[in-house]
Amino acid sequence: MTDRKTELAKNLAKVEERITAACAAAGRERAEVTLIVVTKTYPASDVRILSELGVRHVAENRDQDAAPKAAACADLPLTWHFVGQLQTNKVRSVVGYAGVVQSVDRARLVTALSREAVRAEREIGCLIQVALDAGVNGRGERGGVAPDGIEELADLVGDAPGLRLDGLMTVAPLTGEYAGHEQAAFGRLMDLSTDLRRTHPTATMVSAGMSADLEQAVAAGATHVRVGTAVLGVRPKLG
Ligand SMILES: *Cc1c(COP(=O)(O)O)cnc(C)c1O
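Residues numbered from 1 in each chain as written. Predicted model: local features only at pLDDT ≥ 70, side-chain atom pairs only at ≥ 80, totals over all residues. Heavy atoms only, no water.

The name given to the protein in an unreviewed UniProt entry is Pyridoxal phosphate homeostasis protein, with Streptomyces alanosinicus as the source organism. Reading the Cofactor (unreviewed entry) entry of the UniProt record for the protein gives the comment "pyridoxal 5'-phosphate". Word for word, the UniProt comment on the protein under Sequence similarities (unreviewed entry) is "Belongs to the pyridoxal phosphate-binding protein YggS/PROSC family." (UniProt positions renumbered as here; feature names shortened; annotations may be inferred.)

Here it is, written out as structure tokens:
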């Protein structure tokens with residue numbers, strides 16, 4: 001194995017151990033939690049190695065970086081998740097490679113995603129990104145909609161041609177009442193998911209938890225964790 005492959009294999013094994021331990025502690029089956037490796041800022045060659053090591057889900061947050069990377073890896077059996085704030089002028093490009101957009105947070109974005117999904121003859125899975133630190137404008141610092149905006153967006157996605165409502169996503173807030181209380185934040189997301197599933201029973205995905213807090217997310221009931229640093233290493237400041 002190359003040095004990089006050895007390094008990534010070792011990191012992946014550690015993350016796998018953490019997920020397995022967190023599942024055991026929570027009385028959950030390992031199969032209930034899907035690992036998504038966040039490959040932002042890292043090259044297509046790393047994505048290729050991850051695929052060889054068995055990774056099936058990768059995530060990116062900037063279309064400019066993701067589009068060429070996804071094109072370079074088009075032969076690999078990967079599902080690409082888009083997890084960044086998404087401008088409507090990037091939607092056509094993102095729909096070209098993403099199977100799931102986890103950062104759906106406004107009506108205009110739903111309209112644009114639906115139009116491009118239909119045009120591309122693709123079905124795009126959508127997660128509503130929830131901002132648990134939303135300000136008075138009902139939006140989060142880093143994207144996301146306030147909890148009281150979920151239902152309306154979910155109905156829009158549910159009715160939109162080319163889109164499939166898969167569930168909810170959040171990033172643990174750095175400000176507000178949940179700052180420093182990841183477990184409580186993820187617990188709140190689970191409650192919101194339970195509410196959502198009353199009207200949208202197939203929206204079962206709960207995407208929460210990153211390198212630093214995946215245990216808390218698994219404990220709360222997350223179905224998907226998004227792990228970057230713990231697999232690929234510390235990113236240069238961007239990203
Ligand atoms: C970068 C990123 C992650 C991964 O974060 P790490 O701390 O590197 O594991 C997860 N989710 C989103 C939305 C991200 O932008």
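Having put the structure on the table, let's press on.
A.B. asks: Which residues make up the side chain of His 224, and what are the values?
C.D. replies: Tracing the backbone shows His 224 in strand β8 (residues 224–227). Within the structure, the side chain of His 224 is placed 2.8 Å from the side chain of Thr 223, a separation counted as a polar contact. In contact with His 224, not counting residues within four places along its chain, are Thr 34, Ile 36, Met 205, Val 206, Ser 207 and Ala 208. (Helix = DSSP H or I, 4+ residues; strand = E, 2+ residues; numbered from the N terminus. Polar contact = N/O pair within 3.5 Å; in protein donor to acceptor, adjacent residues only side chain to side chain. Contact = heavy atoms within 4.5 Å.)

A.B. asks: Could you give an account of the site of the ligand, naming the residues involved and the relevant values?
C.D. replies: Around the ligand sit Val 38, Lys 40, Val 83, Met 210, Ser 211, Arg 226, Val 227, Gly 228, Thr 229 and Arg 235, and that is every residue in its neighbourhood. Within the side chain of Ser 211, an N or O atom sits 2.5 Å from an oxygen atom of the ligand. Contact distances for the ligand include 2.5 Å between an oxygen atom and a side-chain N or O atom of Thr 229. Burial of the ligand by the protein chains amounts to 88% of its free accessible area of 390 Å². The residue inventory of the shell around the ligand, partitioned by class, reads 4 nonpolar, 3 polar and 3 charged. (Near = heavy atom within 4 Å. Areas by Shrake-Rupley, 256 points an atom, 1.4 Å probe, with all protein chains shown as cover. Nonpolar A, V, L, I, M, F, W, Y, C, P; charged D, E, K, R; others polar.)

A.B. asks: Talk me through the UniProt feature "domain: Alanine racemase N-terminal" (unreviewed entry) in the protein; I want residue IDs and the actual numbers.
C.D. replies: Within this structure's numbering, the places UniProt gives as "domain: Alanine racemase N-terminal" (unreviewed entry) are residues 12–236. The distance separating the terminal C-alpha atoms of residues 12–236 is 20 Å; by composition the span is 40% helix and 19% strand.

A.B. asks: Can you lay out the nonpolar core for me, pointing to particular residues and giving the numbers?
C.D. replies: Ranked by size, the top nonpolar core spans 70 residues in total, and within it Val 101, Leu 113, Leu 163 and Val 225 carry the most contacts. Listed in part, the 8 residues of the second largest apolar core include Ala 59, Val 83, Leu 127 and Met 205. (Core = buried A, V, L, I, M, F, W, Y, C linked by side-chain atoms within 4.5 Å. Buried < 20%, exposed > 50% of the residue type's maximum accessible area, 1.4 Å probe, protein only.)

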